[in-house]
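Coordinate analysis (summary)
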Amino acid sequence: MTTTGGVRSPAPDPVAPAPPRPAVPEPPGGAAGFGGVLRSEWTKLRTVRSTTWSVVATVVLTVGIGMLATGMAASHWSHRSLIDRLTFDPTSRSLTGLLFGQLAVGVLGVLAISAEYGTGTIRATLAAVPHRHRVLAAKAVVFAALAAAVGEVASFIAFFTGQAMLGSGPPHAALGQPGVLRAVVGGGVYLALLGLLALGIATVVRHTAGAISAFVGVLFVLPLIVQALPTSVQDAVDRYLPAFIGAVTTATRPGAHRVFAAFPTWAGLGVLAGYALAALAVGAWLLQRRDA
Amino acid sequence: MIEARGLVKRYGQVTAVDGLSFDVPPGRVTGFLGPNGSGKSTTMRMIVGLDAPDAGSVTVGGRPYRSLPWPLREVGALLEAKAIHPGRSARNHLVALAQTNAIPGRRVDEVLELVGLAAVARRRAGTFSLGMGQRLGIAAALLGDPGVLLFDEPVNGLDPEGIRWVRTLLKGLAAEGRTVLVSSHLMSEMALTADHLVVIGRGRLVAQTSVEEFIASHSGRAVRVRSPRIADLVPALVTTGATVEPAGDGAVVVRGADGPAVGDLAASLGIALHELSPASTSLEDAFMELTAGTVEYHGEVAGVPGTGGDGQR
Ligand SMILES: Nc1ncnc2c1ncn2[C@@H]1O[C@H](COP(=O)(O)OP(=O)(O)OP(=O)(O)O)[C@@H](O)[C@H]1O
Ligand SMILES: [Mg+2]
């Protein structure tokens, strides 16, 4: 097949004589690899406004709600009961905003693939990279890197602004105290893992609205259903819920919830990572099998 | 070279492609012609590995698409108009595609120039007209300077100048020795663009022929005849092997015999002719005739039930 590159001629006259040098230089090696797919996915992620908005929303919600929560704790401190004061966890309180930031990260994870189905670009993507699992793997790597960076930034800012908002009444936390650094770092990891779970769900569901609904269902509706169950069952099930894992991750001391039922922080995040990987694995399997 | 062998694709109850075999050789424009819903787009998706056939196979240059080491450098495809993220610029859309196949950024600017989008390359694609979206799709197909090109209804949404531009482009690509497959449901368009035709109806091959042959055998050969003694003339014409159809206004349309032959025959029988003229059997008519039994969605002319043929919907 000739690839003389004559198509490079100007628009009105595409039949001009072929220039001497090829239009596209020889490829570097034997076959297209993973590196190019990674670069491509990063280009796609950073060149749409929804990414910017989701990142901004994640940080603003996590930090802003954290400031509200700590500010309220400070202003009501003198009216609090003794038990409330004794169990008060300044770290966990400053990270309250993660509960809302996780929604923005989830939307970003969903859009990373559902927007391709919504706009039809998935066909161009999969025609360019017929090894489809590479597309999903690259999406997951690029998204995880961004979400982890954003998650950590949001978590640390929320921690420091939150402590500043606590004022003179309630006790403050410092990163050097037992469990505090783990809680703040864990908060960022929690966000990234939830985002990956959202990406996995969206790969299975393929529609933006459906995937966001499923994600919100897992986070907020599942706990409600569990609460309707008998207490003995709740204790066994609670610790597997993503939202519960999040609450335990950011806690530095036993709170009002039944922490005795919980996994330790890193084990809990490991369970969450398991969910994300499972969703991504099902997504990868379907992506390979289904027509695009 | 594209080789399809016994392709079958079902979507639930619908058999979109039904045992389709054809070849698309390099060096000429092959028109892929069929009415709406006949399976053109489905076939093209199977060629580039997006849809998996239920039976049969298709290869590009002797290999299944999914096994090509650098897909975009070997096959370029325009599949859908405006399959672009509305928030992403034309340039970034192409850059993302180019990166997957190690195609340099310089080439992105070249194809944008080629399709006439250089000036709007950094604008959000959501602001593009249908025609601009189509040009961006063509740019994406040309990105890897591939030897095989697929275009699904490339002139959709283009103005007359744009249509002529696409026509010239396709011919130029074929003249360079590339394999060019272009789908359309308009025979008149294909007559101007294509050298060869693969005609399908209801997912089945109806004809595989050169455009010249198609035109020669399907148009221009008909004559309109009007005569006060038409009832005597028709049987005589039929015995010469011609086919005769009433034209609806008292005249008849004769196929398989040219004007002089009809005139001579009438004279030899002493029959007066009141009209003897070439009938304009358009290519479109020929195409409709060819695919008549296979059309998926018939239009119904108001007040005339079953105009579309067998009345199946
Ligand atoms: N993804 C799909 N799911 C279900 N049915 C489909 C799908 N794609 C195509 N079909 C059906 O398969 C048949 C062939 O469709 P296809 O789009 O290939 O036709 P086409 O020749 O490209 O038509 P057009 O000229 O309108 O573009 C149609 O009946 C269509 O409804
Ligand atoms: Mg089509």
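Our subject is the structure that appears above.
Read on for an overview of the structure. (Residues numbered from 1 in each chain as written. Chains lettered and ligands numbered in written order. Predicted model: local features only at pLDDT ≥ 70, side-chain atom pairs only at ≥ 80, totals over all residues. Heavy atoms only, no water.)

Observations regarding the sheet that holds strand E1 (residues 2–11) of chain B
All names here are of chain B. Cut-off, in case you're wondering: Any two strands with at least two DSSP bridges between them are considered paired. Strands are runs of DSSP state E lasting at least two residues, helices are runs of H or I lasting at least four, and both sets are numbered from the N terminus onward. Helix axes use the C-alpha atoms of the stretch in contact, all axes being lines fitted to C-alpha atoms, and the angles between their N-to-C directions lie in the range 0 to 180 degrees. In this analysis, two residues are considered to be in contact whenever any of their non-hydrogen atoms come within 4.5 Å of each other.
The antiparallel open sheet is built from 3 strands, whose spatial order is E2-E1-E4. One side of each edge strand has no neighbouring strand; the edge strands of this open sheet are strand E2 (14–24) and strand E4 (55–60). Strand-to-strand twist across the sheet, computed as the mean angle between neighbouring axes with direction ignored, equals 20°. Here E1 runs beside E4; their pairing, made up of 5 bridges, is antiparallel. Across the sheet, the residue bridging to Val8 is Ala55, located in E4. Against the sheet, helix H1 (residues 40–47) makes contact with E1, E2 and E4, and its axis sits at roughly 115° relative to E1, the strand it touches most.

Remarks on the pairing of E1(B)
Residue and element names in this part refer to chain B. Strand direction decides the pairing type here: E1 and E2, joined by 8 bridges, are antiparallel. Each residue of the ladder has a partner; that of Ile2, found in E2, is Val24. Once E1 ends, the chain turns through 2 residues before running back antiparallel as E2, passing Gly12 with a positive phi of about 60°.

A look at the packing of helix H5 (residues 98–119) of chain A against helix H6 (residues 121–128) of chain A
Two measures define how a pair of helices packs: the angle their axes make with one another and the distance between the axes. Residue and element names in this part refer to chain A. To be explicit about the condition: The scheme is simple: roughly parallel for angles under 35 degrees, roughly antiparallel for over 145, roughly perpendicular for 65 to 115, oblique for anything else. Nonpolar residues are Ala, Val, Leu, Ile, Met, Phe, Trp, Tyr, Cys and Pro. Charged residues are Asp, Glu, Lys and Arg, and all others, Gly as well, are polar.
At their nearest, the axes of H5 and H6 sit 5 Å apart, and the two run at 105° to each other. What the angle tells us is that H5 and H6 run roughly perpendicular. Facing H5, whose interface residues are Ala115, Glu116, Tyr117 and Thr119, H6 presents Thr121, Ile122 and Thr125. The class makeup of the residues in the contact of H5 with H6 is 3 nonpolar, 3 polar and 1 charged.

Brief notes about the interface of chain A and chain B
As a reminder, the rule being used: Defined in terms of a 1.4 Å probe, buried area is the accessible area two parts forfeit on being brought together, summed over both. Every case where a carboxyl oxygen of Asp or Glu lies within 4 Å of a side-chain nitrogen of Lys or Arg is listed as a salt bridge. Under this definition, polar contacts are N or O atom pairs within 3.5 Å; protein pairs additionally need one hydrogen-donor-capable and one acceptor-capable atom, and for neighbouring residues in sequence, both atoms have to be side-chain atoms.
Across the contact, 51 residues belong to chain A and 57 residues belong to chain B. Carbon and sulfur atoms supply 58% of the area buried between chain A and chain B, which totals about 4400 Å² over both sides. For the pair chain A and chain B, the number of links is 2 salt bridges. Its salt-bridge partner being Lys9(B), residue Asp291(A) comes within 2.6 Å of it at the nearest N-O pair. The tally of links between chain A and chain B comes to 16 residue pairs in polar contact (both at pLDDT 80 or more). Mapped by element, the contributors of at least two residues to the side of chain A that touches chain B are helix H1 (34–46), H5 and H6 of chain A. Considering each element in turn, the side of chain A that touches chain B owes the most residues, 7 residues, to H6(A). Looking at the side of chain A that touches chain B residue by residue, the class counts come to 23 nonpolar, 18 polar and 10 charged.

A few points about the nonpolar core
All names here are of chain B. Going by this rule: Residues belong to a common nonpolar core when they are buried Ala, Val, Leu, Ile, Met, Phe, Trp, Tyr or Cys residues joined through side-chain atoms within 4.5 Å. Each residue is assigned to one of three classes by its accessible area relative to the maximum for its type, calculated with a 1.4 Å probe on protein chains only: buried under 20%, partly exposed between the two thresholds, exposed over 50%.
Of all hydrophobic cores here, the largest spans 130 residues; its most connected members are Ile138, Phe151 and Leu197. Each residue touching Leu197, except ones within four places of it in the same chain, is listed here: Gly31, Leu33, Met187, Met190, Ala207, Gln208, Thr209, Val211 and Phe214. If you look at the next biggest cluster of nonpolar residues, it comprises 13 residues, including Leu237, Ala257, Leu265 and Ala266.

Section: the environment of Gly105(B)
Residues and elements named next belong to chain B. By the secondary structure assignment, Gly105 is in helix H4 (residues 105–114). Of the residues examined, Gly105 reaches a relative accessible area of 36% and is grouped as partly exposed. Residues Gly105 and Gly62 lie 43 residues apart in sequence; the distance between their C-alpha atoms is 30 Å.

What to know about the site of ligand 1
All names here are of chain B. As a reminder, the rule being used: Whether a residue is near a molecule or strand depends on its heavy atoms: if one lies within 4 Å, it is near. Accessible areas in this description were obtained via Shrake-Rupley with a 1.4 Å probe; residue shielding takes into account the shown protein chains only.
Neighbouring residues of ligand 1: 16 residues in total, closest Gly37, Gly39, Lys40, Ser41 and Thr42. Within the backbone of Ser38, a nitrogen or oxygen atom sits 3.2 Å from an oxygen atom of ligand 1. Between ligand 1 and Thr42 there is a distance of 2.5 Å, counted from an oxygen atom to a side-chain nitrogen or oxygen. Expressed as a share of its isolated accessible area of 630 Å², the protein-covered part of ligand 1 is 66%. Elements with a contribution of two residues or more to the shell around ligand 1: E2 and H1. Sorting elements by how many residues they give to the shell around ligand 1 places H1 first, with 4 residues.

Focus: the pattern of salt bridges
If you walk through the whole model with that rule in mind, you get 23 salt bridges over all chains. Here Glu275(B) makes a salt bridge to Arg224(B), at a shortest N to O gap of 3.0 Å. Here Arg224(B) lies in strand E10 (residues 223–226) and Glu275(B) lies in strand E13 (residues 275–278), a separation of 51 residues in the sequence. A salt bridge links Arg255(B) to Glu245(B), with the shortest nitrogen-to-oxygen separation between them at 3.2 Å. With a gap of 10 residues between them, Arg255(B) in strand E12 (residues 252–255) and Glu245(B) in strand E11 (residues 243–246) connect regions that are remote in the sequence. Taking relative accessible area as the criterion, Glu245(B) reaches 42% and is therefore assigned partly exposed. One connected set of salt bridges, linked through shared partners, spans Glu41(A), Lys44(A), Glu116(A) and Lys139(A).

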